[in-house]
Amino acid sequence: IPVEPFDLVIFGGTGDLARRKILPGLFRRFCAGQMPPDAAITGAARSDMSEDEYRDFVRDAIHEFGGEQNHDEDKLSAFLECLHYVPIDARGENGWRELAGLMRKGMVHAFYFSVAPGLFGDLAERLNQHGLTDEDSRIVVEKPFGRDLASAKELNRDLAAYFDEGQIYRIDHYLGKETVQNLMAVRFGNMLFEPLWNSQYVDHIQITVAETVGVGGRGEYYDKSGAMRDMVQNHLMQLLCLIAMEPPSKFDPDAVRDEKLKVIRALDDVEPHHIVRGQYDAGDEGPSFREEVGDPRTRTESYIAMKVGVSNWRWAGTPFYLRTGKRLKARCSEIVVVFKALNHSIFGEQEDHRNVLSIRLQPNEGMTLGVTIKEPGPGGMRLIDVPLDMSFAEALGKDGSDQTDAYERLIMDVIRGNQTLFMRGDEVEAAWAWTDPIIDGWDTRGDVPKIYDSGSEGPVDAVQLLARDTRVWRKVA
Ligand code: BG6
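First things first, this report covers the structure right here in the doc. Since this is a predicted model, take the numbers as computed values, not measurements.

What counts and how
Residues numbered from 1 in each chain as written. Predicted model: local features only at pLDDT ≥ 70, side-chain atom pairs only at ≥ 80, totals over all residues. Heavy atoms only, no water. Salt bridge = Lys/Arg side-chain N within 4 Å of Asp/Glu carboxyl O. Helix = DSSP H or I, 4+ residues; strand = E, 2+ residues; numbered from the N terminus. Buried < 20%, exposed > 50% of the residue type's maximum accessible area, 1.4 Å probe, protein only. Pairing = 2+ DSSP bridges. Right-handed = clockwise from strand over helix to strand, strands pointing away. Axes fitted to C-alpha atoms, helices over the stretch in contact; angles between N-to-C directions. Parallel < 35°, antiparallel > 145°, perpendicular 65-115°, else oblique. Left-handed = near helix turned anticlockwise from the far one by under 90°. Contact = heavy atoms within 4.5 Å. Phe/Tyr/Trp six-rings, centres within 6.5 Å; stacked < 30°, edge-to-face > 60°. Lys NZ or Arg CZ within 6 Å of the ring centre and 35° of its normal. Near = heavy atom within 4 Å. Polar contact = N/O pair within 3.5 Å; in protein donor to acceptor, adjacent residues only side chain to side chain. Nonpolar A, V, L, I, M, F, W, Y, C, P; charged D, E, K, R; others polar.

### Quick word on the pattern of salt bridges
Step number 1: Overall, the coordinates contain 40 salt bridges when judged by the stated rule.
Step number 2: For the salt bridge of aspartate 230 with lysine 143, the shortest nitrogen-to-oxygen distance reads 3.1 Å. Taken as a pair, aspartate 230 in helix 8 (residues 219-244) and lysine 143 in the loop between strand 5 (138-141) and helix 6 (149-160) lie far apart in primary sequence, 87 residues in all.
Step number 3: Relative accessible area serves as the criterion here: at 2%, aspartate 230 is assigned to the buried category.

### Here's the deal with the pairing of strand 5
Step number 1: Here strand 5 shows no split at all, with Arg138 and Val140 on one side and Ile139 and Val141 on the other all buried.
Step number 2: Pairing geometry for strand 4 (residues 108-113) and strand 5, over four bridges, is parallel. Residue pairing across strands places phenylalanine 111 opposite isoleucine 139, the latter belonging to strand 5.
Step number 3: This β-α-β element, strand 4 to helix 5 (residues 120-129) to strand 5, shows right-handed connectivity.
Step number 4: As paired strands, strand 5 and strand 6 (residues 168-170) are joined by three bridges and run parallel to one another. Note that in strand 6 the partner of valine 141 across the bridge is arginine 170.
Step number 5: Assessed by its sense of winding, the connection that carries the chain from strand 5 through helix 6 to strand 6 is right-handed.

### What to know about the packing of helix 9 (residues 253-265) against helix 13 (residues 425-445)
Step number 1: Where helix 9 contacts helix 13, the axes come no closer than 9 Å and their chain directions differ by 15 degrees. The orientation of helix 9 with respect to helix 13, classified from their angle, is roughly parallel. Considering the relative orientation of helix 9 and helix 13, their crossing is left-handed. Together, Arg257, Lys260, Leu261, Ile264 and Arg265 of helix 9 and Asp426, Glu427, Ala430 and Ala431 of helix 13 make up the contact between the two elements.

### Focus on the packing of aromatic side chains
Step number 1: All told, the structure shown has 17 aromatic pairs when counted by the stated rule.
Step number 2: For the pair phenylalanine 113 and phenylalanine 120, a centre-to-centre distance of 6.0 Å together with 50 degrees between the ring planes defines the contact as tilted. The exposure classification of phenylalanine 113 matches that of phenylalanine 120, with both residues buried.
Step number 3: Joined through ring pairs, the aromatic side chains of Phe11, Trp96, Phe111, Phe113, Phe120 and Phe145 make up one cluster.
Step number 4: The residue whose ring lies beneath arginine 170 is phenylalanine 145, and the NZ or CZ to ring-centre distance is 5.1 Å.
Step number 5: In this structure, lysine 177 packs its charged tip against the face of tyrosine 174, placed 4.6 Å from the ring centre.

### Notes on the sheet that holds strand 3 (residues 83-87)
Step number 1: Reading across the sheet, the six strands line up as 3-2-1-4-5-6 and stay open at both edges, with parallel pairing between neighbours. Since the sheet does not close on itself, it has two edges, and those belong to strand 3 and strand 6, each with one partner. Strand-to-strand twist across the sheet, computed as the mean angle between neighbouring axes with direction ignored, equals 20 degrees.
Step number 2: Both strand 1 (residues 6-11) and strand 4 contribute to a ladder of six bridges, which runs parallel. If you follow aspartate 7 over to strand 4, its bridge partner there is histidine 109.
Step number 3: Packed onto the sheet, helix 5 meets strand 1, strand 4 and strand 5 and runs at close to 155 degrees relative to strand 4.

### Details of the site of the ligand
Step number 1: Around the ligand, the neighbouring residues are Lys143, His173, Tyr174, Lys177, Glu211, Arg218, Asp230, Met231, His235, Lys326 and Gln362.
Step number 2: A distance of 2.6 Å separates an oxygen atom of the ligand from a polar atom in the side chain of lysine 177.
Step number 3: Among the elements that take part in the shell around the ligand, helix 8 stands out by supplying three residues, more than any other.
Step number 4: The residue inventory of the shell around the ligand, partitioned by class, reads two nonpolar, three polar and six charged.

Here it is in structure tokens:
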């Protein structure tokens, strides 16, 4: 179903995110018939480029990152017709009048701030000054949304000076992933799981986002943020919220976000000995973390594992173990819910059998439920665990698996005016309020991350973190 016609302005229109994600994503929505041909996209950036040069830039980006449709030259030419470019000075007067001239009446107006957060306030002010916005305009901002509570509050204040919360779309691209949205469908669309989804039946939960890539060319940014700011404060936090939250009364933006906020506010402070930080060593895949960020003494972490408690009626006593890192053995994002052992076995002494639900977010999206059955054969009532296994690609066919990139889905939601999958200002602030003391603690104590082998499952201390609780991590595979 096509969305209504729109004028979308991408500030930072020549940047990396625009090139890799935003523009190829919009092209795919155009090919799918969701972006109407009378929609217009304007790239705005500092570079002095002509409209034709910008169209060439976008053509190249789509050839490189457009996916399957990137060779449909007719569609690509039609898409490029929708594009404009305006050289603009975020802090000065250049370009604003030209931009205003491109905005059409009666359209949805959306402004994507794909720029450093330091410019959010300037852009908001200029848009307002030049009369480019009205009460229906939307602005889209990217992470990092601040680097601590104070800076996030400042950004929220800068935006709130010109826009209502209902106009601000803060992207966490994990929420645009099909499999992440599926977490809500699994929990709240089935009778089966929710009655057991609490500390009475769940022993613990593991959330893993493992990557094989290193920090590569992003060393400068990454060294200032580390895995905690780059991944935990946002992506893993969102996953934790979706797993832990109470059922919202309806699938409505504020109902969903209210429940997520309550989870963040119920998170316990994390004890220093419940955290393991690491840095990857040099390996076949490339230089060490320290070399890549260009600082032999850096104390930034490229890996983190932690034990987190959620102090509320549903979850008190059930730990959540989170881990994420770069240059690990495999790319694997997964949520594992380990249920408790039975109180009593009628089959006498048997080894420990438990139901384990694993939800695979990427790659090989799917779900597996470990079920205990009788081991076939004449050997008596011996129990074994077998998987009830579902791969989304197999169950739903190629079209049912995740073909749509998170960004294109989220941009279409911006045009539709649906904020369910975007972070609210108070949610982001609550997440920083929890994160800040943890990071401050490392700084005060001079905490030094452990070195781990590139291509491994992370520092050995992370194994200990669970072993102390007589638990084990799922293999990263
Ligand atoms: C980004 C982080 O937000 O998410 C990156 O800044 C990380 O460091 C990326 O690699 C992971 O996203 P995905 O979609 O590849 O899992």
